[in-house]
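A look at the structure
Residue-level listing of the chains:
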Amino acid sequence: MELAARRWFDSHTYLATDFTLPELLERKREQNLSISVVIPARNEEATVAEVVSRISDALVEPGLVDELVVIDSDSTDATAALAAKAGAQVYAAGAIETGLKSLPGKGEALWRSLFVTRGDIVAFIDADLTEWGAHFITGLLGPMLRDRKVSLVKGFYDRLFSSADGGHSPQGGRVTELVARPLINLHWPILSGVVQPLAGEWAMRRSLAETLPFPVGYGVEFATLTDTVWRHGLGAVAQVDLGQRGHSHQNVHDLGVMATEILATATRRLNRGRPPASVGYTHAWTDLYQYDRSVEGFWRARDVPIAERPPAITVQAYPFADSAPA
Ligand SMILES: O=c1ccn([C@@H]2O[C@H](COP(=O)(O)OP(=O)(O)O[C@H]3O[C@H](CO)[C@@H](O)[C@H](O)[C@H]3O)[C@@H](O)[C@H]2O)c(=O)[nH]1
Ligand SMILES: O=C(O)[C@H](O)COP(=O)(O)O
């Protein structure tokens, strides 16, 4: 590992158990900060209520988390109703007024959340978690509440893979291991100490989040990590060991779409500073052709969203657009 990466790993890696609730409450009060937790959710009726209610009971009640928001990302199931019943403020992503037509994707949901939340720190957590705890949030907040130089905290954990027979192995994170980590080691070796670069559990200061572009899809974690380091250096990033994480898995064809979004995000950043003509992906969508004998004609084209949203601070409707919860 590069010396800088190794030094960063040694000095900026925490354990969730390094932080207690009383310490965090005290530091939050001293620094006069407010905290939002945002849960992006698309068709997560099986798990979203549990994610909301655990955070609500453990962290909203004692006053660490000021806002608990679910961004409903075009769900067609009962996600929105169940999240609201469990105690979250729920916004339909497409109904958040930004002046820009809504696009599909997780990154779009996170970007739009900046327009309806007010916290000085925004923590993101996925809605499909099966193995996790409220320490995911306290762990993510700890490094920022202790160190004012840190503006982005990534969670990491053992990635459990659940097989059809109900067993678990530590073989999860297929896109991480086959796409993101090789890309980072090849092109951003300074980030090779980041254990889970694609972690959906991360936190950021609003002052940083609003200055970054957000890919609309699954490239959002890769972009915010590499862009933060590009602009502010490794010292602005910390990571925290959250133990174990289980979630629902996508099939390999859907992960192909995710991988394409991450490769598009990375390609743009590899071309940074070059004239637009040499930028590999300047358009908002690309096609991914996949082959499947169960599909009529054997192949299908997947539409992959690869647009990026401009930094929120440059958008006229920002901050606090006039959008009522759903
Ligand atoms: O259009 C979408 C797609 C997903 N989600 C939500 O985003 C979260 C993560 O999505 P998921 O499909 O479960 O992603 P994973 O397969 O778990 O992908 C991992 O890797 C991605 C790529 O970096 C990260 O964005 C994810 O957070 C991380 O868990 C979940 O709450 C989804 O409901 C949306 O809100 N809108
Ligand atoms: O982060 C990843 O690599 C993808 O979400 C895939 O994860 P999985 O292999 O655990 O489903």
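Residues numbered from 1 in each chain as written. Chains lettered and ligands numbered in written order. Predicted model: local features only at pLDDT ≥ 70, side-chain atom pairs only at ≥ 80, totals over all residues. Heavy atoms only, no water.

- The chain goes by Glucosyl-3-phosphoglycerate synthase in an unreviewed UniProt entry, where it is assigned to Jatrophihabitans telluris.
- Quoted straight from UniProt, the Sequence similarities (unreviewed entry) entry for the chain says "Belongs to the glycosyltransferase 2 family." (UniProt positions renumbered as here; feature names shortened; annotations may be inferred.)

Thoughts on the site of ligand 1
- Surrounding ligand 1, one finds 18 residues, the nearest of these being P40, E44, K106, Y218 and E221.
- Measuring from an oxygen atom of ligand 1, one finds a side-chain N or O atom of K106 at 2.5 Å.
- Here an oxygen atom of ligand 1 and a side-chain polar atom of H247 are 2.9 Å apart.
- In the complex, 95% of the free accessible area of ligand 1, which totals 670 Å², lies under the protein chains.
- For ligand 1, the cavity whose grid points lie within 2 Å of the majority of its atoms is the largest pocket.
- When residues of the shell around ligand 1 are traced back to their parent elements, those giving at least two are β2 (35-41) and β12 (237-247).
- Along the lines of polarity and charge, the residues of the shell around ligand 1 split into 6 nonpolar, 5 polar and 7 charged. (Near = heavy atom within 4 Å. Polar contact = N/O pair within 3.5 Å; in protein donor to acceptor, adjacent residues only side chain to side chain. Areas by Shrake-Rupley, 256 points an atom, 1.4 Å probe, with all protein chains shown as cover. 1 Å grid on protein atoms, 1.4 Å probe; cavity = no way out; pocket = protein on both sides within 12 Å on 5 of 7 lines; lining within 4 Å. Sits in = over half its atoms within 2 Å of the grid points. Helix = DSSP H or I, 4+ residues; strand = E, 2+ residues; numbered from the N terminus. Nonpolar A, V, L, I, M, F, W, Y, C, P; charged D, E, K, R; others polar.)

Digging into the site of ligand 2
- All residues adjacent to ligand 2 are R159, G172, G173, R174, V175, T176, H247, H249 and L255.
- Within the side chain of H249, a nitrogen or oxygen atom sits 2.7 Å from an oxygen atom of ligand 2.
- Contact with the protein chains removes 94% of the 320 Å² of surface that ligand 2 exposes when unbound.
- Its atoms largely coinciding with the cavity grid, ligand 2 occupies the largest pocket.
- In terms of residue count, the dominant contributor to the shell around ligand 2 is helix α7 (residues 174-187) (3 residues).
- Grouping the constituent residues of the shell around ligand 2 by class yields 2 nonpolar, 5 polar and 2 charged.

Digging into the confidence of the model for the chain
- Confidence along the chain averages 94 in pLDDT terms, with 97% of residues attaining 70 or more.
- Model confidence for the complex: the whole-complex pTM is 0.96, and ipTM, which rates the interface, is 0.97. (pLDDT = per-residue confidence, 0-100.)

Some thoughts on the packing of helix α2 (residues 21-31) against helix α6 (residues 135-146)
- The interhelical angle for the contact between α2 and α6, taken along N-to-C directions, is 45°, at an axis separation of 10 Å. With respect to their mutual orientation, α2 and α6 come out oblique. α6 is crossed by α2, and the crossing has left-handed handedness. Taken together, the residues of α6 that come into contact with α2 (itself represented by E23, L24, R27, K28 and Q31) are T138, G142, M144, L145 and R146. (Axes fitted to C-alpha atoms, helices over the stretch in contact; angles between N-to-C directions. Parallel < 35°, antiparallel > 145°, perpendicular 65-115°, else oblique. Left-handed = near helix turned anticlockwise from the far one by under 90°. Contact = heavy atoms within 4.5 Å.)

Examining the layout of surface pockets
- Of the volumes computed, that of the largest pocket is approximately 890 Å³.
- Around the largest pocket, the lining is made up of 41 residues, and of these R42, K106, Y218, Q250 and M258 lie nearest the centre.
- Looking at the lining of the largest pocket, the elements that each hand over two or more residues are β2, β7 (152-159), α7, β12, α10 (252-270) and β14 (299-305).
- The element contributing the most residues to the lining of the largest pocket is α10, with 6 residues.
- Residue composition of the lining of the largest pocket, by class: 16 nonpolar, 12 polar and 13 charged. (Points joined across faces, edges and corners; volume = space filled by probe spheres on them.)

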